[in-house]
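The primary structure of each chain is shown beneath.
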Amino acid sequence: MINGKTIWPSPAKLNLFLYITGRRPDGYHELQTLFQFLDYGDEIAITPNKNGNITITPELDGVKTCDNLIWKAAMALKDKSGCQHGADIELKKILPMGGGIGGGSSNAATVLVALNHLWQTQLSEDQLAEIGLQLGADVPVFIRGLAAFAEGVGEQLIPVTTEENWYLVVRPEVSIATKDIFCHPELTRNTPKRDLLTLVDTSYENDCEKIVRLLYPEVDKQLSWLLQYAPSRLTGTGSCVFAEFSNKNAAENVLAKLPDTVSAFVAQGRNVSPLKETLAKYQSQPQSN
């Protein structure tokens, strides 16, 4: 076990496009989507301990510890590896819950990657991704740390290199449950499957956007506003919407036009996750047990 406190990023993601191509007998949806990370996200400080306990501070409002994906990830790694160590975990939370930018999934992935290193459990990336998939469909892409084209329920990943544009991400003051969107009777579920080359050469869209705009007027309002300035769309099942720019200044100029009452941030797309870069940095340092 590696001692001392270490700091790990838990980055946001965007779905640059999202198409729903079918529904499986088990109720899950088949999709095609393009994931890219952002250089913006939560921060997780982890101090390993030898008493075997997992502690998380601060507690998230309305979330029991046993329901927290961070706790579930740590316990799943202990179960898989047989590790007897514990960890004291501090979460600096800035990503919104229910925003469609991967906050909880990213937290789970960061904890799995970090504790696998700190506890020296030596599970492979494939094994970590397998654990992650049991926690959520988006967790594996955060574990692997590369921008990716995803199919299946989001677990079949092909790494891609795409433009690292700048984005203005706006978070309307609503939290959207993914299941509410995927259960909606009017959701498009039959978009034809296309190969990646065709998809990247087509205007990007999100099949969930129509339903979210219908159900949540605040999302519709913010998206309509952004579309005045740049190509804009919903990420995931929302509630965050984003506008795409070729440079930081253009994104910040539009951010400055937003009222102070609107939550928003500017970030750059990243094809290599800040988490993957941080792991490489820690792996390159001399280790003291």
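Look up: the structure comes first, before these words.
Right, let's talk about the nonpolar core for a bit. Core analysis: the largest hydrophobic core is formed by 39 residues, its most contacted members being I46 and L112. By residue number, the principal contributor to this core is helix α2 (residues 103-118), which donates eight residues. Filtering out sequence-adjacent residues up to four positions away, L112 remains in contact with A73, L77, L128, I131, G132, L135, V139 and I143. Of all hydrophobic cores here, the second largest spans 28 residues; its members include V212, L223, L226 and V266.

For any two helices packed against each other, one specifies the crossing angle of their axes together with the interaxial distance. One can describe the packing of α2 onto helix α3 (residues 125-135) by two numbers: an axis separation of 10 Å at closest approach and a directional angle of 150°. Taken together, α2 and α3 sit at an angle that is classed as roughly antiparallel. Helix-helix and strand crossings are classified by hand; for α2 and α3 the assignment is right-handed. Facing α2, whose interface residues are A108, L112, V113 and N116, α3 presents L128, I131, G132 and L135. Taken together, the residues that form the contact of α2 with α3 break down as six nonpolar, two polar and no charged.

Let's shift gears to the layout of surface pockets. By rolling a water-sized probe across the atoms, one finds the places where empty space is left. Taken as a whole, the largest pocket encloses approximately 1300 Å³ of empty space. Looking at the largest pocket, it is lined by 47 residues, and the ones nearest its centre are S105, G136, A137, D138 and T178. Sorting the residues of the lining of the largest pocket by element identifies β1 (6-23), β2 (29-49), α1 (69-81), α2, α3 and α5 (178-182) as the ones contributing at least two each. Residues that form the lining of the largest pocket fall into these classes: 20 nonpolar, 20 polar and seven charged. The computed volume of the second largest pocket comes to approximately 240 Å³. Lining the second largest pocket are 16 residues, and of these V113, N116, L128, L279 and Q283 lie nearest its centre.

Inspection of every chain in the model, using the stated rule, returns eight aromatic pairs. Their ring planes at 75° and their centres at 5.1 Å tell us that F17 and Y204 sit as a pair that is edge-to-face. Residue F17 is found in strand β1, and its partner Y204 is found in the loop between α6 (196-200) and α7 (209-215); the two are separated by 187 residues along the sequence. Relative accessible area serves as the criterion here: at 22%, Y204 is assigned to the partly exposed category. One aromatic cluster in this structure is built from F17, Y19, F149 and Y204. Over the ring of W119 we find K78, and its NZ or CZ is 5.8 Å from the ring centre.

What follows concerns the packing of α2 against helix α10 (residues 274-284). Put simply, α2 and α10 touch, their axes get as near as 11 Å, and they point 10° apart. When the axis of α2 is compared with that of α10, the two are roughly parallel. Every residue of α10 that contacts α2 at A109, T110, V113 and H117 is listed here: L275, L279, Y282 and Q283. The residue inventory of the contact of α2 with α10, partitioned by class, reads five nonpolar, three polar and no charged.

This part takes up helix α8 (residues 217-226). Buried residues of α8: V219, Q222, L223 and L226, and no others. Taken down its axis, α8 places every buried residue within 100° of arc, on the same side. Set apart from the buried face of α8 by more than 90 degrees, the exposed residues are P217 and K221. Contacts from the buried residues of α8 go to β7 (166-171), α7, β8 (232-234) and β9 (241-245).

All right, on to the pattern of salt bridges then. For the coordinates displayed, the defined rule picks out 11 salt bridges. With its nearest N and O atoms 3.8 Å apart, the salt bridge here joins K13 to D138. Taken together, the positions of K13 in strand β1 and D138 in the loop between α3 and α4 (139-144) put the pair 125 residues apart, joining distant regions of the chain. With a relative accessible area of 3%, K13 lands in the buried category. In this structure, a network of salt bridges that share partners links the residues E125, D126, R144 and K276.

So, on to the pairing of strand β5 (residues 148-151). Going residue by residue along β5, you find A148 and A150 tucked away on one face and F149 and E151 tucked away on the opposite face as well. The sheet contact formed by β2 and β5 spans three bridges and is antiparallel. Among the inter-strand pairings, T33 is bridged to a residue of β5, identified as A150. Pairing of β5 with strand β6 (residues 156-159), which is carried by four bridges, proceeds in the antiparallel orientation. The residue of β6 that forms the bridge with A148 is P159. Taking the residues that link successive antiparallel strands as the turn, the β5-β6 hairpin has four residues, and the phi of G152 there is positive, at about 70°.

What counts, and at which threshold
Residues numbered from 1 in each chain as written. Predicted model: local features only at pLDDT ≥ 70, side-chain atom pairs only at ≥ 80, totals over all residues. Heavy atoms only, no water. Core = buried A, V, L, I, M, F, W, Y, C linked by side-chain atoms within 4.5 Å. Buried < 20%, exposed > 50% of the residue type's maximum accessible area, 1.4 Å probe, protein only. Helix = DSSP H or I, 4+ residues; strand = E, 2+ residues; numbered from the N terminus. Contact = heavy atoms within 4.5 Å. Axes fitted to C-alpha atoms, helices over the stretch in contact; angles between N-to-C directions. Parallel < 35°, antiparallel > 145°, perpendicular 65-115°, else oblique. Left-handed = near helix turned anticlockwise from the far one by under 90°. Nonpolar A, V, L, I, M, F, W, Y, C, P; charged D, E, K, R; others polar. 1 Å grid on protein atoms, 1.4 Å probe; cavity = no way out; pocket = protein on both sides within 12 Å on 5 of 7 lines; lining within 4 Å. Points joined across faces, edges and corners; volume = space filled by probe spheres on them. Phe/Tyr/Trp six-rings, centres within 6.5 Å; stacked < 30°, edge-to-face > 60°. Lys NZ or Arg CZ within 6 Å of the ring centre and 35° of its normal. Arc of directions from axis to C-beta. Salt bridge = Lys/Arg side-chain N within 4 Å of Asp/Glu carboxyl O. Pairing = 2+ DSSP bridges.

In short, shape yes, function no, at least from these values alone.
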